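Below are the chains, spelled out letter by letter.
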Amino acid sequence: MECPSISRSHPNSMYYCAFCVAREKHGISCLELPLIQHAQGPDFQQLASVLRDNTFDWIIITSPEAGSVFLDAWKAAGTPRVKIAVVGSGTASIFKEAMQSSEGLLGVAFTPSKATGKVLASELPMDVGKRSSVLYPASLKASNDIEEGLAARGFEVLRLNTYTTVPVHTVDEALLQQALSVPVVSAASPSAIRVWIDLIPDLEQWSNSIACIGETTASAARRLGLQKIYYPTQPGLEGWVDCILEALNAHNQLL
């Protein structure tokens, strides 16, 4: 079985790739085609000073890249005491080493029942009798679901757009031609989906499947005209792998 993954190319990313898990556990032959990379956002320079000069009840982190950027700024700010809320276990893993060495100054204290921004905003604990403050270091391209959901509940939210995603400068043409021909493409973000769509020479003629890490990425794929879309009910790596296998099995049944 073969499945390409369209993914980020940031050299320091600690993101756990579903195609790697699938390859090891299920014997899937995988082709990695990096399509997006990370760049500094307009508020990147502010993050360290904001952490140094202010105290927040919660810091919300919704991706491994947001976590990596935050940790660099947190160290530059002198490692103040912070309480982290993450969107899911994959994002939480970025803080494992820092928590072990921080002597209690940094802790992941909340993960929602479902790994989406809307659910996180609806379930984040709120102190009774006071207006809880939240710092949300985010991607420039992230939706407003979190800050709007929290504000509606009475939280005071400061969003800083600390990073963004941009297309890679060049795509290996030979790898692209291979990726266009395989039955299932896996994708971890709406940004990757958008770049992939731009690379398809004739979208109406490309009818293979797309396996998405979660509902947000799947919704982007649907809006952009893709048809055979698979995604897990509960976002995450295990569900993503299951969707890849489901898509591959569906393809094999048609052969």
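Our subject is the structure that appears above.
Residues numbered from 1 in each chain as written. Predicted model: local features only at pLDDT ≥ 70, side-chain atom pairs only at ≥ 80, totals over all residues. Heavy atoms only, no water.

Visitor: It is not clear to me how the overall build of the protein should be interpreted in this structure. Could you clarify?
Guide: For the protein, the helix and strand inventory stands at 11 helices and 10 strands. Over its C-alpha trace the protein gives a radius of gyration of 19 Å, about what one expects of a compact globule, namely 18 Å for 255 residues. Its C-alpha atoms put the protein at 60 × 35 × 30 Å along the principal axes. Here the protein holds 255 residues, and 47% of them are scored as buried. The contacts in the protein between residues at least 6 apart in sequence include a share of 70% that link residues at least 24 apart. With an accessible surface of roughly 12500 Å², the protein has 49% of that area assigned to carbon and sulfur atoms. Here the protein holds 19 positive side-chain charges and 25 negative ones, and the gap between their average locations is 5 Å. (Helix = DSSP H or I, 4+ residues; strand = E, 2+ residues; numbered from the N terminus. Rg over C-alpha atoms; globule rule 2.2 N^0.38 Å. Buried < 20%, exposed > 50% of the residue type's maximum accessible area, 1.4 Å probe, protein only. Contact = heavy atoms within 4.5 Å. Areas by Shrake-Rupley, 256 points an atom, 1.4 Å probe, with all protein chains shown as cover. Lys, Arg positive; Asp, Glu negative; His and termini not counted. Charge placed at Lys NZ, Arg CZ, Asp CG, Glu CD.)

Visitor: Just to check I follow, could you spell out the packing of aromatic side chains for this structure?
Guide: Geometry of an aromatic ring pair is reported as the spacing of the ring centres plus the angle between the planes. The full count for this structure, using the stated rule, is three aromatic pairs. Relative to Phe110, the ring of Trp58 has its centre 6.3 Å away and its plane inclined at 70 degrees; by these criteria the two rings are edge-to-face. Highlighted residues: Trp58 in strand β3 (residues 58–61) and Phe110 in strand β5 (residues 106–110), separated in sequence by 52 residues. Considered together, Trp58 and Phe110 belong to a single accessibility category, that of buried residues. (Phe/Tyr/Trp six-rings, centres within 6.5 Å; stacked < 30°, edge-to-face > 60°.)

Visitor: In this structure, what is going on with the nonpolar core? I would like to understand it.
Guide: Most often, soluble globular proteins have nonpolar side chains that are buried together. Leu51, Ile59, Phe70, Ile84 and Phe95 are the most contacted members of the largest nonpolar core, which totals 25 residues. Top contributing element to this core by residue count: helix α3 (residues 64–76), with six residues. Among residues more than four places away in sequence, those in contact with Phe95 are Ile61, Gly67, Phe70, Leu71, Ile84, Val86, Leu106 and Val108. In this structure, Ala192, Ile210, Cys212 and Ala218 belong to the second largest nonpolar core, which totals 22 residues. (Core = buried A, V, L, I, M, F, W, Y, C linked by side-chain atoms within 4.5 Å.)

Visitor: What is the right way to read the side chain of Thr116 from this model?
Guide: When you line up the elements, Thr116 lands in the loop between β5 and α6 (117–123). Reaching out from Thr116, the side chain makes a polar contact with the backbone nitrogen of Val119 at a distance of 3.2 Å. Discounting residues that sit within four places of it in the chain, Thr116 has contacts with Val87 and Pro235. (Polar contact = N/O pair within 3.5 Å; in protein donor to acceptor, adjacent residues only side chain to side chain.)

Visitor: I'm lost on the pairing of β3 in this one. Help?
Guide: Along a regular strand, successive side chains alternate from one face of the sheet to the other. Burial of the side chains of β3 extends over both faces: Trp58 and Ile60 are buried on one face and Ile59 and Ile61 on the other. The pairing of β3 with strand β6 (residues 133–139) spans two bridges and is parallel. Bridged to Trp58 within β6 is Val134. As judged from the three bridges shared by β3 and strand β4 (residues 82–86), these two strands associate in the parallel manner. (Pairing = 2+ DSSP bridges.)

Visitor: I keep staring at the pattern of salt bridges and nothing clicks. Help me out?
Guide: Close approach of charged atoms allows side chains of opposite charge to pair. Within the structure shown, the criterion is met by three salt bridges. With its nearest N and O atoms 3.1 Å apart, the salt bridge here joins Lys130 to Asp57. One end of the pair, Lys130, is in the loop between α6 and β6; the other, Asp57, is in the loop between α2 (47–53) and β3, with 73 residues separating them in the sequence. A residue is classified by how much of its surface remains accessible, and Asp57, at 18% relative accessible area, is buried. (Salt bridge = Lys/Arg side-chain N within 4 Å of Asp/Glu carboxyl O.)

Visitor: Any chance you could explain unusual backbone geometry here in plain terms?
Guide: Excluding glycine, most residues fall at negative phi; most peptide bonds, likewise, are trans. Its identity is not glycine, yet Thr79 carries a phi of approximately 50 degrees, on the positive side. Looking at where Thr79 falls in the secondary structure, it is placed in the loop between α3 and β4. Taking the relative accessible area as the measure of exposure, Thr79 reaches 28% and is therefore partly exposed. The phi torsion at Glu103 lies on the positive side, around 55 degrees, for a residue other than glycine. Within the secondary structure, Glu103 is located in the loop between α5 (96–101) and β5.

Visitor: Hey, could you run me through helix α7 (residues 145–153) in this one?
Guide: Three- or four-residue spacings in an α-helix give side chains the same orientation, since the helix completes a turn every 3.6 residues. For α7, the full list of buried residues reads Ile146, Glu147 and Leu150. Down the axis of α7, the buried set is contained in an arc of 90 degrees. They therefore lie on one face. Buried-residue contacts for α7 involve β3, α6, β6 and β7 (156–167). One or two residues past the end of α7 sits Gly154, with phi positive at roughly 105 degrees. (Arc of directions from axis to C-beta.)

Visitor: What exactly am I supposed to notice about the environment of His251 here?
Guide: Note that His251 resides in helix α11 (residues 237–254). Assessed through its relative accessible area of 28%, His251 is described here as partly exposed. For His251 and Leu180, which are 71 residues apart along the polypeptide, the C-alpha to C-alpha distance reads 15 Å.

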